[in-house]
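# Coordinate analysis (summary)
The lines below spell out each chain.
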Amino acid sequence: MSIARPQPTVLGTAPEAIERALQLLREEWRDGFAGRKIDRVRMLLRQAQNLTGDTALSITLARLDLRLEGYPALDSDGRKIELTEIGKQLTEMQQRFPSPSAQQTRPTPSLP
C-alpha cells in the first residue's frame, strides 16, 4: 500500500513570484538583514524558475537561489551588498516580462 503525498500547488505566474520575492527582500532589508525572509525568497525564485519558459531567465533564477544559499554565512555588510545586487537583478528580470495591463488588453475586433 503506497501513501499518497500531497503535491505542492503552484499558483500564480513567474512575474508574480518575482514581485513577491522583491517585496520580501525589501522586508529583509528593513529587518536589518536578519535572514528571516531568505528561505521564502528562495522558494519563490524556484517557483518562478518552474513557471518560466525562458531558459536564460531560469538559469539566472537558479544562480540567484544559489547565491542566497550562502546568505546566512555573510556578515551584515556582505548581506547588504548581496541584497542590493540580487534586488537589481530581479528588478531587471521583472522588466523583461510584459506588464499586467498589456497582458490583459486585447484588441477590440472591428466590424467589416
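Below, the structure is looked at part by part.

Rules used throughout
Residues numbered from 1 in each chain as written. Predicted model: local features only at pLDDT ≥ 70, side-chain atom pairs only at ≥ 80, totals over all residues. Heavy atoms only, no water. Helix = DSSP H or I, 4+ residues; strand = E, 2+ residues; numbered from the N terminus. Buried < 20%, exposed > 50% of the residue type's maximum accessible area, 1.4 Å probe, protein only. Contact = heavy atoms within 4.5 Å. Areas by Shrake-Rupley, 256 points an atom, 1.4 Å probe, with all protein chains shown as cover. Core = buried A, V, L, I, M, F, W, Y, C linked by side-chain atoms within 4.5 Å. Expected span 1.5 Å × (residues − 1). Arc of directions from axis to C-beta. Axes fitted to C-alpha atoms, helices over the stretch in contact; angles between N-to-C directions. Parallel < 35°, antiparallel > 145°, perpendicular 65-115°, else oblique. Left-handed = near helix turned anticlockwise from the far one by under 90°. Nonpolar A, V, L, I, M, F, W, Y, C, P; charged D, E, K, R; others polar. Salt bridge = Lys/Arg side-chain N within 4 Å of Asp/Glu carboxyl O.

### Comments concerning the overall build of the chain
Counting its regular elements, the chain contains five helices and zero strands. Reading the secondary structure of the chain in the N-to-C direction produces α-α-α-α-α. Across the 112 residues that make up the chain, the buried fraction comes to 29%. The long-range share in the chain, meaning contacts at least 24 apart out of those at least 6 apart in sequence, stands at 61%. When the accessible surface of the chain is summed, it comes to about 7,900 Å², and 52% of that surface belongs to carbon and sulfur atoms.

### Digging into the nonpolar core
With 23 residues, the main nonpolar core has Ile18, Leu45, Leu61 and Leu90 as its most contacted residues. For this core, the secondary structure elements donating two or more residues are α1 (14–30), α2 (38–51), α3 (55–69) and α4 (76–96). Considering each element in turn, this core owes the most residues, seven residues, to α1. Not counting the four nearest positions on each side in its chain, isoleucine 18 is found in contact with Ala48, Leu61, Leu90, Met93, Gln94 and Phe97.

### Details of α4
Every α-helix winds through 3.6 residues per turn, so residues three or four apart in the chain are directed the same way. With 21 residues, α4 ought to run about 30 Å at 1.5 Å a step, and its terminal C-alpha atoms sit 31 Å apart, in line with that. Buried within α4 are the following residues: Gly78, Arg79, Glu82, Leu83, Ile86, Gly87, Leu90 and Met93. For α4, the arc enclosing every buried residue in end-on projection is 155°, short of the 170-degree limit, so these residues lie on one face. When the buried face of α4 is taken as reference, the exposed residues oriented beyond 90 degrees from it are Asp77, Lys88, Glu92 and Gln95.

### Some thoughts on the environment of glycine 87
Mapping glycine 87 onto the fold places it in helix α4. Residue glycine 87 is classed as buried on the basis of its relative accessible area, which comes to 15%. In contact with glycine 87, other than residues within four places in its own chain, are Leu22 and Leu25.

### Regarding the packing of α1 against α2
Closest axis-to-axis distance for the α1/α2 pair is 8 Å, and the angle between their directions is 165°. On the basis of their axis angle, the class for α1 and α2 is roughly antiparallel. Note on packing geometry: the crossing formed by α1 with α2 is left-handed. Of α2, the residues touching α1 (which contributes Ala14, Ala17, Ile18, Arg20, Ala21, Leu24, Leu25 and Glu28) are Ile38, Arg40, Val41, Leu44, Leu45, Gln47, Ala48 and Leu51. Taken together, the residues of the contact of α1 with α2 break down into 12 nonpolar, one polar and three charged.

### Comments concerning unusual backbone geometry
Residues other than glycine predominantly adopt negative phi, and peptide bonds predominantly adopt the trans conformation. Backbone geometry places phenylalanine 33, a non-glycine residue, at a positive phi of 65°. One can find phenylalanine 33 in the loop between α1 and α2.

### Description of the pattern of salt bridges
Enumeration over the complete set of coordinates arrives at seven salt bridges. A salt bridge links aspartate 65 to arginine 46, with the nearest nitrogen and oxygen atoms 3.3 Å apart. Residue aspartate 65 is found in helix α3, and its partner arginine 46 is found in helix α2; the two are separated by 19 residues along the sequence. The exposure class of aspartate 65 is buried, given its relative accessible area of 9%.

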